[in-house]
Every structure is written in structure tokens, then in C-alpha cells.
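Residue-level structure breakdown
Listed here are the chains, written in short residue letters.
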2 protein chains.
Amino acid sequence: MTVPLPRRDLATPALIVDRAALTRNIAAMAAFAEAQGVALRPHAKTHKSGEIARRQIAAGAAGICCAKLAEAEALAADGVANIHLTSPVVTPAAIERLAALSRRIALSVVIDHPDNARAIGAAAGGLTVFIDVDPGSHRTGVTSAAAAVALARAIAATGTLVLGGVQFYCGSHQHIQSLAERRAAIVERTDYLRGVLDALGDAGFAVPIVTGGGTGTFAIDASLGLFTELQVGSYIFLDREYVDCELAGPRFEPALFVDATVVSANTPGMVTIDAGLKAFATDAGVPVVLAGAPDGSGYAFTGDEHGALRGDGLPQLGARVSLMPPHCDPTVNLYDRYFVLDGGMIVDSWPVTARGCSS
Amino acid sequence: MTVPLPRRDLATPALIVDRAALTRNIAAMAAFAEAQGVALRPHAKTHKSGEIARRQIAAGAAGICCAKLAEAEALAADGVANIHLTSPVVTPAAIERLAALSRRIALSVVIDHPDNARAIGAAAGGLTVFIDVDPGSHRTGVTSAAAAVALARAIAATGTLVLGGVQFYCGSHQHIQSLAERRAAIVERTDYLRGVLDALGDAGFAVPIVTGGGTGTFAIDASLGLFTELQVGSYIFLDREYVDCELAGPRFEPALFVDATVVSANTPGMVTIDAGLKAFATDAGVPVVLAGAPDGSGYAFTGDEHGALRGDGLPQLGARVSLMPPHCDPTVNLYDRYFVLDGGMIVDSWPVTARGCSS
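The rules behind the values
Residues numbered from 1 in each chain as written. Chains lettered and ligands numbered in written order. Predicted model: local features only at pLDDT ≥ 70, side-chain atom pairs only at ≥ 80, totals over all residues. Heavy atoms only, no water. Phe/Tyr/Trp six-rings, centres within 6.5 Å; stacked < 30°, edge-to-face > 60°. Least-squares fit on C-alpha atoms with pLDDT ≥ 70 in both. Axes fitted to C-alpha atoms, helices over the stretch in contact; angles between N-to-C directions. Helix = DSSP H or I, 4+ residues; strand = E, 2+ residues; numbered from the N terminus. Parallel < 35°, antiparallel > 145°, perpendicular 65-115°, else oblique. Left-handed = near helix turned anticlockwise from the far one by under 90°. Contact = heavy atoms within 4.5 Å. Nonpolar A, V, L, I, M, F, W, Y, C, P; charged D, E, K, R; others polar. Buried < 20%, exposed > 50% of the residue type's maximum accessible area, 1.4 Å probe, protein only. Pairing = 2+ DSSP bridges. Core = buried A, V, L, I, M, F, W, Y, C linked by side-chain atoms within 4.5 Å. Salt bridge = Lys/Arg side-chain N within 4 Å of Asp/Glu carboxyl O. 1 Å grid on protein atoms, 1.4 Å probe; cavity = no way out; pocket = protein on both sides within 12 Å on 5 of 7 lines; lining within 4 Å. Points joined across faces, edges and corners; volume = space filled by probe spheres on them.

Chain A carries the name DSD1 family PLP-dependent enzyme in an unreviewed UniProt entry, which gives Sphingomonas naasensis as its organism.

Digging into the packing of aromatic side chains
Applying the stated criterion to the full structure yields 16 aromatic pairs over all chains. Of the aromatic side chains, those joined through ring pairs into one cluster are Phe32(A), Phe218(A), Tyr235(A) and Phe252(A).

A look at the relation of the copies chain A and chain B
Least-squares fitting of chain A to chain B yields an RMSD of 0.0 Å, with the transformation described by 0.0 Å of translation along the axis and a rotation of 180 degrees. The relationship between the two copies is best expressed as a two-fold rotation axis.

What about the packing of helix H5 (residues 114-123) of chain A against helix H6 (residues 145-158) of chain A?
All names here are of chain A. Contact geometry of H5 with H6 gives a least axis separation of 9 Å together with a crossing angle of 20 degrees. With respect to their mutual orientation, H5 and H6 come out roughly parallel. Taken as a pair, H5 and H6 cross one another with a handedness that is right-handed. Where H5 approaches H6, its residues Pro114, Ala117, Arg118 and Gly121 are matched on the opposing element by Leu151, Ala154, Ile155 and Thr158. Grouping the amino acids of the contact of H5 with H6 by side-chain chemistry returns 5 nonpolar, 2 polar and 1 charged.

Some points on helix H3 (residues 69-77) of chain B
Buried residues dominate H3(B), accounting for 7 of its 9 residues. Each element contacted by the buried residues of H3(B) is listed here: helix H2 (50-58), strand E4 (64-66), strand E5 (82-85) and helix H4 (92-102) of chain B.

Re the environment of Gly303(A)
Here Gly303(A) lies in the loop between strand E14 (298-301) and strand E15 (307-310). On the basis of relative accessibility, which here comes to 14%, the residue Gly303(A) falls in the buried class. Each C-alpha atom of the pair Gly303(A) and Cys245(A) lies 28 Å from the other, and the pair is 58 residues apart in sequence. Excluding residues within four positions of it along the chain, Gly303(A) makes contact with Gly276(A), Leu277(A) and Arg139(B).

Some points on the sheet that holds strand E6 (residues 106-111) of chain B
Residue and element names in this part refer to chain B. Ordered in space as E3-E10-E9-E8-E7-E6-E5-E4, the 8 strands form an open sheet in which the pairing is parallel. The sheet is open, and its two borders are formed by strand E3 (39-40) and E4, each paired with just one other strand. Pairing geometry for strand E8 (residues 162-168) and strand E9 (residues 209-212), over 4 bridges, is parallel. The residue of E9 that forms the bridge with Gly165 is Ile209. The strands that helix H6 (residues 145-158) touches are E6, strand E7 (128-133) and E8; relative to E7, the one it contacts most, it runs at about 165 degrees.

Examining the nonpolar core
Membership of the largest hydrophobic core comes to 210 residues, with the highest contact counts inside it found for Ile131(A), Ile131(B) and Phe237(B). Among the elements that line this core, the one with the most residues is helix H1 (residues 19-36) of chain B, at 7 residues.

Points about the pattern of salt bridges
This model, assessed by the stated rule, comprises 38 salt bridges over all chains. As a salt-bridge pair, Arg41(A) and Glu229(A) come within 3.2 Å of each other at their nearest N and O atoms. With Arg41(A) in the loop between strand E3 (39-40) and helix H2 (50-58) and Glu229(A) in strand E10 (residues 229-230), the pair connects residues that are 188 residues apart, well separated along the chain. When sorted by exposure, Arg41(A) lands in the same class as Glu229(A), which is buried. Asp329(B) serves as the salt-bridge partner of Lys45(B), at 2.8 Å between the closest nitrogen and oxygen.

Considerations on empty space enclosed by the protein
Enumeration according to the criterion identifies 3 cavities of 30 Å³ or more in this entry. In this structure, the largest cavity encloses a volume near 120 Å³. Surrounding the largest cavity, 14 residues form its lining, Leu277(A), Ala281(A), Thr282(A), Ala281(B) and Thr282(B) being those nearest its centre. For the lining of the largest cavity, the per-class residue count stands at 10 nonpolar, 2 polar and 2 charged.

As C-alpha cells, then:
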């Protein structure tokens, strides 16, 4: 690709990142964390990009989070040297990969079961591990203070693992739309976490780091004083789900778009664009039209390759529209590249380094 | 990857294709088309694989369909030499790419607007085009017999394009679960198509090929005698959506699976596996557990990277489960490779050649 390139010359659907908005979002979160005295470890499952991870670290992040081992391997190969894995790694083959990666970069991983502590302890001596505490959603994590203490004992008994701290991620709380309701839920869950931390302390275990939080809760998490590190991901892009939420703390801007083209316009009040369910994640409703069609034009998925826009004054055949994805993380995972927008032109393209790296 | 490899040694989530079942599905559809005297042009938007396209053509297919130009470019680069594009190509830059591709392979494309006929006629002389007829879903296509005739005249007026025939794809009818209801709807739509074809004939236009149909309707389409070519896609894999339908014609077998691993097991009646909404398309409900957990274990999406299995007698930490995707096409589009299963072993891997090629 020869740059700069006019935005409208991109083949569509195209994933666009607004570099200036991204830069402001990275700076705003870095400034918030510094002012609050908490470390920042942004979650790279959102962007899967070595370029963006390096920008977050250059702005002060301690490192990044990855959700999966293959994601961490891909970003480590792209030069990211400090990664925390937020999901358990359990099979012997995966633990071998974990051990190999831990010899190349500063790596830590969560554990939620004593058997897993023993297996990792045997294969990856010296590794820093975090006790994953289930906030009640039962996705991963130990489910009680007693189980946390038992797991800490199993980690200590390996004689080879270092207890780095505790991870507590209230995933299902991130998108509670009302800030007051979200705050009340997080206050209640933080009381629970305090009990877990107290039990670990009473049993003689130091917990240097408490890591967690997301774009919906980070400001509440920071204000409650237990977290020492924030794992925010989506703040760099926002998406329709988070725009629908009443967020606290610094303001972020939408920085991720999908541009599409009208490919059929034969029915009054409706046009078809070339972005369907292979162009947007479909787990969180529909994208929002931002440009190229009147405000309020509604999008509907109409198949693998197409979507419908309905409304008045719709664009004509061949025209461009730009949309905000409903959910950024799995939308990014559909694309091989970001096209980087600045000053109205495409000025660069960045690979989605860890695209498809889910294993 | 060194093959053969035990299936359980694959990193998960892994996309698995059962080679024997795939081979039987390809043969069954080829035999059906031959017996019915219709051509077969399978839709490659399902598999996006050069390897599978070549197997379909070796079994008698006239060529393949692609949904998008980038998909066709990728499969042409992988040696597929006969492609029909089932979606309109409308921008000047895309029409230039279309013209370039038409100089390298046998290519045809649908058109649904006179302006598009003029643009393609000016840039891609000699190209074969099909009139896309809207079956009523208003996704793409001309919306009346009169509009079809007007478009045929615009195509003729270019002096450079060849009218190959008509495309009629009843997308929204494919998944009507009751066969009787689906048949009645297709009979009614085929009457409409007959009127369009009669109008074209009365206006002096020959329609050599009538192409369309899908895995839900191909047997009905063939029995009604208007279609000369079938565009079936999902029959090679099936998926949970089609297994839920009462299909007519030859029997097909599920041939596509996602293998996953239990990564957390701390809550009675529930385990977490490492396959979430980056591992399955989410537009068509949930995957079905086929192996590794008791029949009736229910899957629920619990996030980007994870899903929950609920039930009795669930597998333990580190165990494998295998699931049937809810919707094959957009699930395949999440993966870079198929792992090829035969005789219980992984014997090969095939790239998803056109993964992410939506533009």
C-alpha cells in the first residue's frame, strides 16, 4: 500500500483506527493511572497489535495482558517483553509452551486450581503466578477465600513458583449501563475481594499486586483502593457497547471504525452495504452509522457478507459509510490489518499481530 | 506440524475437518446434481479453501462461487480457475480489480443496476454477467420483471458484456425448519422467477444459466426444473443450523468441529472451556457438544475467550471436548487453518486460503 492514501480509496470493509484519538485515549488512561498511583497493564486481547502495545508501554504501562498463550507468543515475537496471561494454562503441551515463553520475556499467569499449580510448578520453575479469584460469574477463578488460601499453600508447596498476587476481573459488571448500579455492584464485590485478601494475609501470604478491572469499572476500582494494577482494554477504541454506558473517570473517544460501501440500492428506504457478519462481531447488537448516511439510519445484519441500512436520505450506489463496531475485541479479530487514519488520510497500516491466536 | 498427530495433541480451540465425511458429502452432492442434470457450482464463502474447492471441481463441479472479490482473488491465486461472483462489484477501484481478474481466470459476476452494467461494460469488456434477481429479501437484485428486462437492455447496450443468465438466491428461505413450509415458500418464489424469465424471453433475451439455491433448498430447486446450476455451500460441513432443519435430497454428515479444552472446573455442574466468541460465530445460537461431555451438556458463551458447559458428569480440568459450530461460514472465517482428521488422527492441515478476504 502506498501512503498517504485517500480514505475513500480503501477496499471495503476496512478496519480503520483514528491515530489521534487512539493517542489521546492512551494518554488519558496513562495520566489517570499515574494520578491514582496505580499501575497500568492494558489488555491486548482488545487490539492484538504489537504497535499499539508498544505505544501503551511507551506511555507508561508496566506491560500488557494477554488472554491466550498464542496471543502472548505472537506479541512476544513482535517485541513485547512483559506479559501477564489472564486465563489459566492447563494442558501439558500448553504448559511446556508457557515455560518456553517464560525464558524469553517477563511472564506471569493466573492459576485457579492446586493441580494446575503443581503442573506449572514442575515445568516452569521461577514463574510468577497470580491467584485468579472468581467474582461470582464462575468463568474462572477460585470461588471462596478458603479456596484462595488453599491455592496459595499449593503454590508455596511447589517450591518453584512465585506468588505475584491476585487477579479479580468482574467481566459481567463492565457493561451495566447505569453508573450508580455498576458502582454499587463493584463496591459489594470489592468487599468480597477484601475478605479474600484478608484471609490470604491472615494465612501469612503477601499479595504484592491486585490486578483487574476493565473500561467499565476502572475508575471505581481505583477509587476503592484495593487494586494496584488496572487491566483495561477497550478504552483505547471504545465501541457501541461502552458508548451506551455511563462511564466514570477520564473521557475516551471512539477510535475504531469499519468503512463500507453501498453495493445495492434498489428498494426505497433501504440500501445494502458490503459489511455483514464477517465484518462485525455479532454478540453485542448492531453497529452504529457514524458518517455517510443521515443520523438515525439503522443497520441490520442481512447475511455473512452484507448489512442493510434503513432510513430516509440514504446514500447512493457506490457511496461510502463509516460505522462504529458494537464490540471492539471480536471485531478486530476478524481483520488482518488496521488502516491508520490521520488528518483525513490513511497514513499507515498496522498488522493485527495476534489475529486468530486463540489457542 | 508433524503428521500424523494425535487429535488430543492439538492446541485448542482448533478447527477440525473430518476428511472422510467431507469426501462423502462432496460425492453425494455431485451424484445428486449429475442425476438431476443440473450443474454444480458450490459456494466457497463457506470453506474459503483452495484445497476443498479443487476437491469439489475434481468431483464434477463446473467451478465455484465466491461472495467477494478478495475471496475470488485469493482462491484464483491458489489455482482455482472458474469463479462466479455472487455479489455486485460497484466501485471504480473494485471494477478495475474485477477486470484484472477476468483476464486471468474464467470469471462472471452479478449485476443489479444499469449504472453498474455501464461501469463494468466500460472497464471489463467481454465479461460474462448475470442479472441478480431479488427473491423478496431486498438484499441485492432487481425487484421486478420489468427491472430485469431494463437491466438486460442496459447490459446489451454496453456492446461489451455477455449475458450469462440469471441468479436467484433465496437466502432467507434456507433455514425454514419445516420442509413442507420451505417447499411451499420456494414453489411460490419459483413461480415469481418463472415470470421474470418469461419476461426476459419475451423481450428477446436468452437466459442460458439460472443459478442459485442453497443447502436448505437445492433439492426443491432442482425438482422445480428452472435452475440449471446449484450454488450450495454448507452441505460440505453442515452445521447446527442445518442439522436443525428437515433437509430433502441426499444425506450429509457433520464434517466440521471445534475442539476445546476445559480450563477451569471450580463450580459444581459447570466447567469453562477455552472456546468463546472468538472461536465460534455467534449469529446463530450456540454450538452443540458432540464428544467429551455427556449428551445434553449445554454450552453458553461466557466471553471473548471462554464458554461454559453445564450439566451432570462434566469433564475434568484439562479434558477435551468437541463441538459442532452453530453456523459454519463465519466460524471458518475465524481460523487460519483446518486440521484434517482421518482415522482418529490429524493427518494434514489446510490453510483457510481466503480467511478475512471480505473486500
